[in-house]
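# Architecture and fold: a report
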Amino acid sequence: MSQTRRGHLAMLVFSALVAGSFSLGSMAANEIAPAALNAVRFAIAACVIGGAALMTRGLPRTAFAAPWRYLVLGGLFATYFVLMFEGLKTAAPVSTSAVFTLTPVMAAGFGWLLLRQRLTPRMAVALAIGGAGALWVIFRADLEALLAFRIGTGEMIYFWGCMAHAIYTPMIRKLNRGEPAVVFTFGMLLAGFLILLVYGWSDLRATDWAALPAIVWITLFYIAIFASAATFVLLQFASLRLPSSKVMAYTYLTPSWVILWEIALGNGAPPMLVLGGVFLTIIALILLLRED
């Protein structure tokens, strides 16, 4: 299998794993402060990835040259996750996952600014279709709400988090100096944890950890291991093999995965009209895959 195809496979798995964080996150978002939850999440993920690195490639000192790089990346991803859980306090999982599908358009713009990566006509059309599908879901197939641009507070908060995620993707390629994905991910996670430890210290101290409901712990360990440690490595791996816009194109699958998660958790499926927007995001992904 070519390196490009491996990058695509990594992002397919990424999209399935990250979708679970929307459904589980919406169930836990109002039970714990986002900064506290994500500080622990980054700590657990850093331990998992650090242990994996030590057992495989090790953690050479050269990998930690210019540590400011990890602070930049860790800060961007910490921002994304905190704003995601702030948004999930009021926004529905399918709706927030649709906001996430706007990330490829933003990633393409930042990819050009930072790396001079250019869009082909097919990619531009695909991103436009995907963006239209995302907006259809965000506004819940309500044309009047779309024309009036009445967007929920949760969706708006999460949009700014997605902006940080979109910058993060091309920054990986720009700041990586040949470090293996697992080592580079560990540096980012450690930096993100330190940033959240400082930012969320008051929330961490105020949280009654022993009294938290089970769903918080289930969500915490899922997002730390599956939606953090695993997906960070997958994203790093794919970002070094695919253009930024293609890496983030796999976010177009997220609403579809979230719908399956919602059904599996007994929360039901969205209305049929909303599913039309999800269908458009799948078309966008197919167009981008054919670009190869």
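Residues numbered from 1 in each chain as written. Predicted model: local features only at pLDDT ≥ 70, side-chain atom pairs only at ≥ 80, totals over all residues. Heavy atoms only, no water.

## Re the overall build of the chain
Scanning the chain for helices and strands turns up 14 helices and zero strands. Counted from the first residue to the last, the chain has its helices and strands arranged as α-α-α-α-α-α-α-α-α-α-α-α-α-α. Scaling as 2.2 N^0.38, a compact globule of 292 residues should have a C-alpha radius of gyration of about 19 Å, and the chain matches this with 18 Å. Projecting the C-alpha coordinates of the chain onto the three principal axes gives extents of approximately 55 × 50 × 30 Å. Within the span of the chain, comprising 292 residues, buried residues form 53% of the whole. Expressed as a percentage of contacts within the chain between residues at least 6 apart in sequence, the contacts between residues at least 24 apart total 90%. For the chain, the exposed surface amounts to about 12,300 Å²; the carbon and sulfur share of it is 69%. Seen as two clouds, the 19 positive and the 11 negative side-chain charges of the chain have centres 17 Å apart. (Helix = DSSP H or I, 4+ residues; strand = E, 2+ residues; numbered from the N terminus. Rg over C-alpha atoms; globule rule 2.2 N^0.38 Å. Buried < 20%, exposed > 50% of the residue type's maximum accessible area, 1.4 Å probe, protein only. Contact = heavy atoms within 4.5 Å. Areas by Shrake-Rupley, 256 points an atom, 1.4 Å probe, with all protein chains shown as cover. Lys, Arg positive; Asp, Glu negative; His and termini not counted. Charge placed at Lys NZ, Arg CZ, Asp CG, Glu CD.)

## Observations regarding empty space enclosed by the protein
Scanning the model with the defined rule gives one cavity of 30 Å³ or more in all. Roughly 40 Å³ of volume is contained in the largest cavity. Every residue lining the largest cavity is listed: Phe 14, Val 18, Phe 77, Tyr 80, Phe 81, His 165, Ala 227, Thr 231 and Phe 232. Among the secondary structure elements, those contributing two or more residues to the lining of the largest cavity are α1 (3–28), α3 (68–87) and α11 (214–239). Class assignment for the residues of the lining of the largest cavity results in seven nonpolar, two polar and no charged. (1 Å grid on protein atoms, 1.4 Å probe; cavity = no way out; pocket = protein on both sides within 12 Å on 5 of 7 lines; lining within 4 Å. Points joined across faces, edges and corners; volume = space filled by probe spheres on them. Nonpolar A, V, L, I, M, F, W, Y, C, P; charged D, E, K, R; others polar.)

## Structural notes on helix α9 (residues 181–199)
Because each turn of an α-helix spans 3.6 residues, side chains separated by three or four positions end up pointing in the same direction. For α9, which comprises 19 residues, the first-to-last C-alpha distance of 27 Å matches the rise-based estimate of 27 Å (1.5 Å per residue) to within 8%. Those residues of α9 that fall on the buried side of the exposure criterion are Ala 181, Val 182, Val 183, Phe 184, Thr 185, Phe 186, Gly 187, Met 188, Leu 189, Ala 191, Gly 192 and Leu 196. Of the surrounding secondary structure, the elements contacted by the buried residues of α9 are α2 (34–55), α3, α8 (153–175), α10 (201–206) and α11. (Expected span 1.5 Å × (residues − 1).)

## A short note on the packing of α2 against α11
Contact geometry of α2 with α11 gives a least axis separation of 9 Å together with a crossing angle of 50 degrees. By the criterion of interaxial angle, the relationship of α2 to α11 is oblique. Crossing handedness for the pair α2 and α11: right-handed. In contact with Leu 37, Val 40, Arg 41, Phe 42, Ile 44, Ala 45, Val 48 and Ile 49 of α2, α11 contributes Val 216, Leu 220, Phe 221, Ile 223, Ala 224, Ile 225, Ala 227, Ser 228, Ala 229, Phe 232 and Val 233. (Axes fitted to C-alpha atoms, helices over the stretch in contact; angles between N-to-C directions. Parallel < 35°, antiparallel > 145°, perpendicular 65-115°, else oblique. Left-handed = near helix turned anticlockwise from the far one by under 90°.)

## Focus: the pattern of salt bridges
Enumeration according to the criterion identifies two salt bridges in this entry. For Arg 69, the salt bridge goes to Glu 179, with nearest N and O atoms at 2.9 Å. On the criterion of sequence distance, the pair formed by Arg 69 in helix α3 and Glu 179 in the loop between α8 and α9 is long-range, its members being 110 residues apart. Residue Glu 86 is joined to Lys 89 by a salt bridge in which the shortest nitrogen-to-oxygen separation is 3.4 Å. (Salt bridge = Lys/Arg side-chain N within 4 Å of Asp/Glu carboxyl O.)

## Considering the packing of aromatic side chains
A full pass over the atoms with the stated rule returns 15 aromatic pairs. With centroids separated by 5.7 Å and ring planes inclined at 45 degrees, the aromatic side chains of Tyr 80 and Tyr 158 adopt a geometry described as tilted. Here Tyr 80 is found in helix α3, whereas its partner Tyr 158 is found in helix α8, with 78 residues between them in sequence. Members of the aromatic cluster, joined through ring pairs, are Phe 22, Phe 42, Phe 77, Tyr 80, Phe 81, Phe 100, Tyr 158 and Tyr 168. The ring of Phe 81 carries Arg 41 above its face, with NZ or CZ at 3.6 Å from the centroid. Geometry around Phe 237 places Arg 241 over its ring, the cationic atom sitting 3.7 Å from the centre. (Phe/Tyr/Trp six-rings, centres within 6.5 Å; stacked < 30°, edge-to-face > 60°. Lys NZ or Arg CZ within 6 Å of the ring centre and 35° of its normal.)

## Describing the nonpolar core
Membership of the largest hydrophobic core comes to 83 residues, with the highest contact counts inside it found for Phe 42, Phe 77 and Tyr 80. Residue contributions to this core peak at twelve residues, all from α11. The residues touching Phe 77, leaving out its near neighbours within four places in the chain, are Phe 42, His 165, Tyr 168, Met 188, Phe 232 and Leu 235. (Core = buried A, V, L, I, M, F, W, Y, C linked by side-chain atoms within 4.5 Å.)

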